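# A closer look at the structure
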Amino acid sequence: MAPLRAFFAPLAIFITLILQLLLPKARTITAKSEPWFTDLLLIALGVTVGLALYHLITSKAQRYVYKSYFIGGVFLMLGLYNLVTLKYALINPLFFPSPESILDVLVKDWAFLLKCLAYSTRLLFLGLLFGIVTGLVTGILIGWYTKWNYWLSPVVKLFGPIPSTAFIPVALSAFATSFQASVFLIALSTWFPITILTNSGIVNVKKQFFEVADTMGASNVQKIFKVAIPGALPDIFVGIFNGICSSFITLMTAEMIGVKYGIGWYINWQRQIMGYANVYAGLLVIAISFSLIITIFFKIRDHFLRWQKGIIQW
């Protein structure tokens, strides 16, 4: 069964390739583009056939075999989408561009897309940096010190649940540039979940750990950094994960309030001029880059929480 399963992906890609080559474009499709989709199918077909033969000969590449149905299904869905857009125009190709059009944008505008991605990465990194640092500090103060909890906890509960985008008018008035305002909004969206979960993690650390630390003569600072924070790390990483996901949403909004360049700015610009192939290309860049960021985050989490590896997976 496994050898047959290994060849499902190349078979699906071959069917999609045949439909791409044999069926003409719809008469309503007038835009010309390079055959990037055909090239992609040929490359994918060659790679999957090679992996299938490698598995047949050596019984290795088990991960590919496991993913073969999914890979084949993805290409069949692309083939179906290609039929209803490029080949038969069953849906409006202006608002739903074909895979060929989207790939054409990715290939021809890759340099500009990369520039926009670099601007977005800089903005996101600064916002996350400030948000994570302030969230950790606030969470530690609330979770450890009674007086800080008394004054800060009501403020966090009052302003934290408000979506950070609601503070756009305040941010634009308070900061000199739209870039600084955008950094503030991203940091704010990250700060709240990290604060709440850091506080929760510290409060829920077992009291016996602190009793042992007292017995060994640990100072207050040592108990914070050697007992409380390590014990709260699982909750802290969950808070950071939630903060990162919130920052993605805020980033797209923040880049639409006057920031120069950026993926969110690019998508909004192309939407206004009805360049929907470019919009889809931008969304694809976002999907890949944001997924990569989350993957890197979980690699870092698994390093610090090796004893908890596998409990939360990505």
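Position labels on residues start from 1 in each chain and follow its written sequence. Reporting of local features is limited, given that this is a predicted model, to residues whose pLDDT is at least 70; pairs of side-chain atoms are given and counted only at 80 or more, and all residues count toward the totals for whole chains, interfaces and linings. By convention in this description, side-chain values take in all heavy atoms of the structure and omit both hydrogens and water.

## A look at unusual backbone geometry
For Ala61, which is not glycine, the phi dihedral falls at a positive 60 degrees. Secondary structure follows DSSP: runs of H or I at least 4 residues long count as helices, runs of E at least 2 residues long count as strands, and numbering of each begins at the N terminus. Mapped onto the elements of the fold, Ala61 is located in the loop between α3 (36-58) and α4 (62-87). A positive phi angle, near 50 degrees, is found at Ala89, a position not held by glycine. Relative to the elements of secondary structure, Ala89 occurs in the loop between α4 and α5 (99-108).

## Examining the packing of aromatic side chains
The criterion for an aromatic pair is that two Phe, Tyr or Trp rings (for Trp, the six-membered ring) have centres within 6.5 Å, with stacked assigned to planes under 30 degrees apart, edge-to-face to planes over 60 apart and tilted to the rest. For the structure shown, the criterion picks out 19 aromatic pairs. Ring geometry for Phe237 versus Phe297: centroids 6.0 Å apart, planes at 55 degrees, classification tilted. Of the two residues, Phe237 is situated in helix α11 (residues 220-254) and Phe297 in helix α13 (residues 276-304); the sequence distance between them amounts to 60 residues. Here Phe297 falls in the buried class, since its relative accessible area comes to 7%. Lysine and arginine charges are scored as sitting over a ring when NZ or CZ, respectively, is within 6 Å of the ring centre and within 35 degrees of the ring normal. When the ring centre of Phe70 is taken as origin, the NZ or CZ atom of Lys67, which lies over that ring, is 5.8 Å away. Buried residues are those whose accessible area, probed at 1.4 Å on protein chains only, stays under 20% of the maximum for their type, while exposed residues exceed 50% and partly exposed ones sit between those limits.

## Notes on the UniProt feature "transmembrane region" (unreviewed entry) in the protein chain
Under the feature "transmembrane region" (unreviewed entry), the UniProt entry names residues 6-24, 36-57, 69-90, 123-146, 166-188, 236-259 and 279-298. Taken end to end, residues 279-298 comprises 100% helix and 0% strand; its first and last C-alpha atoms sit 29 Å apart. UniProt positions are given in the numbering used here, feature names are shortened, and annotations may be inferred rather than shown by experiment.

## Describing helix α2 (residues 8-22)
Expected helix span is taken as 1.5 Å per residue step, with the number of steps being one fewer than the number of residues. Along its 15 residues, α2 runs 21 Å from first to last C-alpha, staying within 8% of the 21 Å computed at 1.5 Å per residue. Residues of α2 that are buried: Ala9, Pro10, Ala12, Ile13, Thr16, Leu17 and Gln20. When α2 is viewed along its axis, its buried side chains cluster within an angular range of 160 degrees and face the same direction. The arc in question is the one traced by the directions running from the helix axis out to the C-beta atoms.

## Quick notes on the nonpolar core
Residues belong to one nonpolar core when they are buried, are Ala, Val, Leu, Ile, Met, Phe, Trp, Tyr or Cys, and are joined through side-chain atoms within 4.5 Å. In this structure, Leu106, Ile244 and Leu251 are the most contacted members of the largest nonpolar core, which totals 51 residues. When sequence neighbours within four positions are dropped, the list of residues in contact with Leu251 reads Ser120, Leu123, Leu124, Ile186 and Phe290. Listed in part, the 10 residues of the second largest apolar core include Val156, Ala171, Ala181 and Leu185. Contacts are assigned to residue pairs with any non-hydrogen atoms lying within 4.5 Å of each other.

## Some points on the pattern of salt bridges
Only one rule defines a salt bridge in this text: a Lys or Arg side-chain nitrogen within 4 Å of an Asp or Glu carboxyl oxygen. Taken as a whole and assessed by the stated rule, the structure comprises 2 salt bridges. Note that Arg301 and Asp302 form a salt bridge whose closest N and O atoms lie 3.3 Å from each other. Look at Arg301 and you get buried, because its relative accessible area is 2%.

## Things to note about the environment of Ser200
As for its placement among the helices and strands, Ser200 is situated in helix α9 (residues 178-203). In this structure Ser200 comes out as partly exposed when scored by relative accessible area, which is 27%. Spatially, the C-alpha atoms of Ser200 and Asp235 are 7.3 Å apart, while their sequence positions differ by 35 residues.

## Things to note about the confidence of the model for the protein chain
Reading fine detail from the predicted coordinates is not recommended where pLDDT is low. Per-residue pLDDT for the protein chain averages 88, and the proportion of residues at 70 or more is 95%. On a scale of 0 to 100, pLDDT captures the predictor's confidence in every residue. The least confident element of the protein chain, judged by mean pLDDT, is helix α1 (residues 2-6) at 78; the most confident is helix α6 (residues 110-144) at 94.

## Regarding the environment of Met252
Structurally, Met252 can be placed in helix α11. Note: C-alpha distance between Met252 and Ile18 (234 residues apart in sequence) is 38 Å.

## Observations concerning a nonpolar patch on the surface
The patch calculation keeps residues exceeding 30% relative accessible area without a salt bridge and links them within 9 Å when they carry like charges or within 5 Å when they are nonpolar (Val, Leu, Ile, Met, Phe, Trp, Tyr). Note on areas: Shrake-Rupley, 1.4 Å probe, and residue coverage restricted to the protein chains presented here. Residues Phe8, Leu11, Phe14, Ile15, Ile18, Leu19, Leu21, Leu22, Tyr69 and Leu76 make up a contiguous nonpolar surface patch of roughly 870 Å² in combined accessible area. Those elements that place two or more of their residues in the nonpolar patch are α2 and α4. Residue contributions to the nonpolar patch peak at 8 residues, all from α2. Relative to the helices and strands, Ile15 resides in helix α2.

## Things to note about the UniProt feature "domain: ABC transmembrane type-1" (unreviewed entry) in the protein chain
The positions UniProt marks with the feature "domain: ABC transmembrane type-1" (unreviewed entry) are residues 117-298. Along residues 117-298, the helical share is 84% and the strand share 0%, with 21 Å between the first and last C-alpha atoms.

## Some thoughts on the environment of Asp109
If you trace the backbone, Asp109 turns up in the loop between α5 and α6. Residue Asp109 is classed as partly exposed on the basis of its relative accessible area of 28%. Once the C-alpha coordinates of Asp109 and Asn278 are considered, the two residues, 169 residues apart in sequence, prove to be 8.9 Å apart. Among residues more than four places away in sequence, those in contact with Asp109 are Tyr266 and Asn278. Within 3.5 Å is the distance limit for a polar contact, defined as a pair of N or O atoms, with the added protein rule that one can donate a hydrogen and the other accept it, and that residues adjacent in sequence qualify only through two side-chain atoms. Within polar-contact distance, the side chain of Asp109 engages the side chain of Asn278 at 3.4 Å.

## Describing the packing of α9 against α11
Under this scheme, a helix contributes an axis fitted over its contacting stretch, all axes are lines through C-alpha atoms, and angles between N-to-C directions fall in the 0 to 180 degree range. Running from N to C, α9 and α11 point in directions that differ by 155 degrees, and their axes come no closer than 7 Å. Considering the angle they form, α9 stands roughly antiparallel to α11. The two elements α9 and α11 cross, and the hand of that crossing is right-handed. For the contact of α9 with α11, the per-class residue count stands at 13 nonpolar, 11 polar and 1 charged. Every angle not falling under 35 degrees, over 145, or within 65 to 115 is termed oblique; those three ranges are roughly parallel, roughly antiparallel and roughly perpendicular. Note: crossing handedness is left-handed where the near helix turns anticlockwise from the far helix by less than a right angle, and right-handed where it turns clockwise. Just so you know the grouping, Ala, Val, Leu, Ile, Met, Phe, Trp, Tyr, Cys and Pro go in nonpolar, Asp, Glu, Lys and Arg go in charged, and all remaining residues, Gly too, go in polar.

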